[in-house]
Amino acid sequence: MKHQFKTHLPAVVLGTFLTVVFIIGAGILAPGAPEPGVDLADVPFYQLPFGLDAAGRERPFWPSRLQTENGRLADPASIQSAAKCATCHRREFEEWAPSLHAIADRDMVYERAVEANEDLLRDGIEKARFCEGCHAPGEVLTGRTNRFKSVMPSDAATEGITCVMCHTATHADPQEGNGALTLAVNTGVDQLSDAMILAAPRDHARAFGATKTNTLIAGSDFCGACHTETYDSSMSRAQNRQHVQTTFSEWRNSWYARNDVNCQDCHMAPDPAAYVRQIRSGDLAKPERYTHNFVGSNYLMFDTSLGSNLTFLRGGILPGLTEARNTELVARQGEATRALLRTAAGLALRDATVVDSKLRFAVAVQNLGAGHNLPTGVIDQKYMWLEVAVRDASGRKIFHSGAFDAERGETDPNAVIWREDFIDSDGKRIPDHLTFTTAAITHVRPGVPPKGEDVVAYETALPPLAKGPFTLEARLWYRVATQQFVYNTLKTDLIIPPFELAAGQFILVAGKETKP
Amino acid sequence: MKSLKTLPEPACRRFVLEYGPKRPGIRGALALSLLFAVLLGTGLHLEFLAARNWNAGEAVLLAHLLVGLIFTALFLSWIGGHLVRGLPRSQRPVFTGLSWLLLAKFALIVITGLMMALPTAVYLAGGIWFWSFEATHVQTFLHLWTSLAAAAGLLAHLAMRHWQLKVDRPQRCAS
């Protein structure tokens, strides 16, 4: 028989077996690799002023609820900069680079607000782990959010919500919020060289937690871990939990959640405004792909008419981008942002009557396209207001509420406004986003719920010579920061322009409801 | 000195020369088998065990790539001669068919392997290019399962009787 078979069989079978045994044996006998990550003791002067948790363990990232998979700090060298990922993932990088996620740690509005808070209290810098846990998880996880900076800075740490942060997530708690994410930055990041990644890209994908992570980051629970924010005694003067940002629960209780339209569908669609219009028309098909633009509502950070002020507000230009490319990407994202904002709201006239020489009318502010309240997020700075102007038949203005003073950047103090207020321990409103001295959160007017409306009633005395028909011009405005904050915290006289969400003109016919 | 009676018959001498341990191409075939075994072992490790330690997996991947290139070169230089020697001797159409199938499997393994290594070659040459996610998935799938099928096919190829000497049994070589 078969010399060939007798000759080759041992070679093939034993060779295969011995190869596998050799590799496994080498792995077993090789000196054990140290546990990935950085031990607390190895970060000099790392402050832990908040005590131990209920199980008696140190809380290196508290008051943020952010965690690593093994509880250790992260090695900055293991967190790749997004610019490095861009070597192969150029498309995704250029989608993400102009987004608010990319500048979450760099934008001046945020940076100055954090500095103002850090200066308020003892342990202010360590308390800022609460802020940085969502805005700059790399800074917190590497131990840089500390009064003594003993960890060297890195590009990745300053990139805000960078690639590695989302693509190593293994757990999210949207009920707890405040950054309640577990990120496998210590064990879930491969250190393969670029050439080897190109030879085995599937292994590169698997190293980033692939199946588990990809399932998690495709759902709204993941977003809710940061887009749910509460203040409590760990970082503020609140004695009980104060709900500051409830975007996730607004969505979860809405028609959108019941119909499986999640955050990613709108905010990561290739054309978010078109997708919202599609949803509004009743077509619930998912987007054909998900982009990393995360188009949102902050129109200011894409207003290229601000020139160099915009670069200042955005905290400079990200590594990996030229100035020209940055401008092009920001301008494109700005168009998408403004288009998305215009799909969110609508106005309708609900009633108009004239009684005893008084004109009464009601305007409905409608949330037509947002899967969460309008406005949403932390709305002590962001706010929405309604401007109405009534003219008589001769064109004379007989009533005006909600005017905006473009020279001073001030909104009519009597305007109907949707905003939350930070209240200090003395019951006074805090205008400058001072989280650490906030004792309570109140709402001037809570946001308009998804697919809901808020009816605002007005009454004005009619001048004696005023004759109808009366014309109502209604405009719904949105603004991302108060002028007081800009003066006090940004220390600049830049006027923050408002954005018109919706507008309508109505003829006030007594007793009838109309849409524009 | 051996007597004429003890010398092997010409047919047996031919048999020993062409099928015995010292026949042409045996060393090359054995080397290929060993290389294939190493590739199979490293490949199985990468597919099923590398997740335990991605960074150790890089060493195994590098070994797999290098051994794969050596295997490809050796295989291409050997297969021509093997076909020339082996085809005329195949006595059964089934064996011939299975042999061609085996060759096709090895060709697919080599081709998919080279395709997967192409992005690395482009990178080392200074460029950045890679297959789409779907293409990578198909290549990996084909490369893995064809390898396993080729391993089974190789053993069958070696085990099947494929020659029948036209000599009387009693006069068969004593060696």
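Now for a look at the structure at hand. (Residues numbered from 1 in each chain as written. Chains lettered and ligands numbered in written order. Predicted model: local features only at pLDDT ≥ 70, side-chain atom pairs only at ≥ 80, totals over all residues. Heavy atoms only, no water.)

Further remarks concern the sheet that holds strand β1 (residues 67-68) of chain A. All names here are of chain A. Pairing is mixed in the open sheet, where three strands are placed in the order β1-β3-β2. At either margin of the open sheet sits one strand with a lone partner, and together these are β1 and β2 (169-172). Strand direction decides the pairing type here: β1 and strand β3 (residues 181-183), joined by two bridges, are parallel. Within the sheet, the bridge partner assigned to Gln 67 lies in β3 and is Thr 182. (Pairing = 2+ DSSP bridges. Helix = DSSP H or I, 4+ residues; strand = E, 2+ residues; numbered from the N terminus.)

Right, let's talk about the sheet that holds strand β15 (residues 453-461) of chain A for a bit. Residues and elements named next belong to chain A. Within the open sheet, the three strands sit side by side as β6-β7-β15. Their pairing is antiparallel. In this open sheet, the two edge strands, each paired with only one partner strand, are β6 (345-355) and β15. Ignoring which end each strand starts from, the neighbouring axes of this sheet average 20° apart. Sheet topology places β6 next to strand β7 (residues 358-367); ten bridges connect them, and they run antiparallel. Bridged to Ala 345 within β7 is Asn 367. (Axes fitted to C-alpha atoms, helices over the stretch in contact; angles between N-to-C directions.)

What follows is about unusual backbone geometry. Among all residues save glycine, negative phi is the norm, and among peptide bonds the norm is trans. Residue and element names in this part refer to chain A. For the bond from Trp 62 to Pro 63, the omega torsion is 10°, close enough to zero to count as cis. You can see Pro 63 is positioned in the loop between α1 (3-29) and β1. Here the amide bond leading from Leu 374 into Pro 375 is cis, since omega sits at -10°, within 30 degrees of zero. Among the secondary structure elements, Pro 375 is positioned in the loop between β7 and β8 (383-391).

Looking now at the interface of chain A and chain B. Taken together, the 33 residues of chain A in the interface contact 42 residues of chain B. At the boundary of chain A with chain B, total buried surface from both sides reaches about 3,600 Å², with 72% on carbon and sulfur atoms. At the junction of chain A with chain B, the criterion picks out four residue pairs in polar contact (both at pLDDT 80 or more). Among the elements of the structure, α1, α9 (194-199) and α10 (201-207) of chain A are those that each provide at least two residues to the side of chain A that touches chain B. Per-element accounting of the side of chain A that touches chain B gives the leading share, 14 residues, to α1 of chain A. Grouping the constituent residues of the side of chain A that touches chain B by class yields 17 nonpolar, ten polar and six charged. (Contact = heavy atoms within 4.5 Å. Buried area = accessible area lost by both parts, 1.4 Å probe. Polar contact = N/O pair within 3.5 Å; in protein donor to acceptor, adjacent residues only side chain to side chain. Nonpolar A, V, L, I, M, F, W, Y, C, P; charged D, E, K, R; others polar.)

Right, let's talk about the packing of helix α4 (residues 108-118) of chain A against helix α19 (residues 483-490) of chain A for a bit. Residues and elements named next belong to chain A. Axis separation between α4 and α19 bottoms out at 10 Å; the angle between their running directions is 65°. Considering the angle they form, α4 stands roughly perpendicular to α19. Our pair here, α4 against α19, has a crossing hand that is left-handed. Where α4 approaches α19, its residues Met 108, Val 109, Arg 112, Ala 113 and Ala 116 are matched on the opposing element by Phe 485, Thr 489 and Leu 490. (Parallel < 35°, antiparallel > 145°, perpendicular 65-115°, else oblique. Left-handed = near helix turned anticlockwise from the far one by under 90°.)

All names here are of chain A. Buried within helix α16 (residues 272-280) are the following residues: Pro 272, Ala 273, Tyr 275, Val 276 and Ile 279. For α16, the angular spread of buried residues about the axis comes to 160°, placing them on one side. Each element contacted by the buried residues of α16 is listed here: α14 (255-258), α15 (263-267) and α18 (323-342). Downstream of α16 by a residue or two, Gly 282 has a phi angle that is positive, lying close to 105°. (Buried < 20%, exposed > 50% of the residue type's maximum accessible area, 1.4 Å probe, protein only. Arc of directions from axis to C-beta.)

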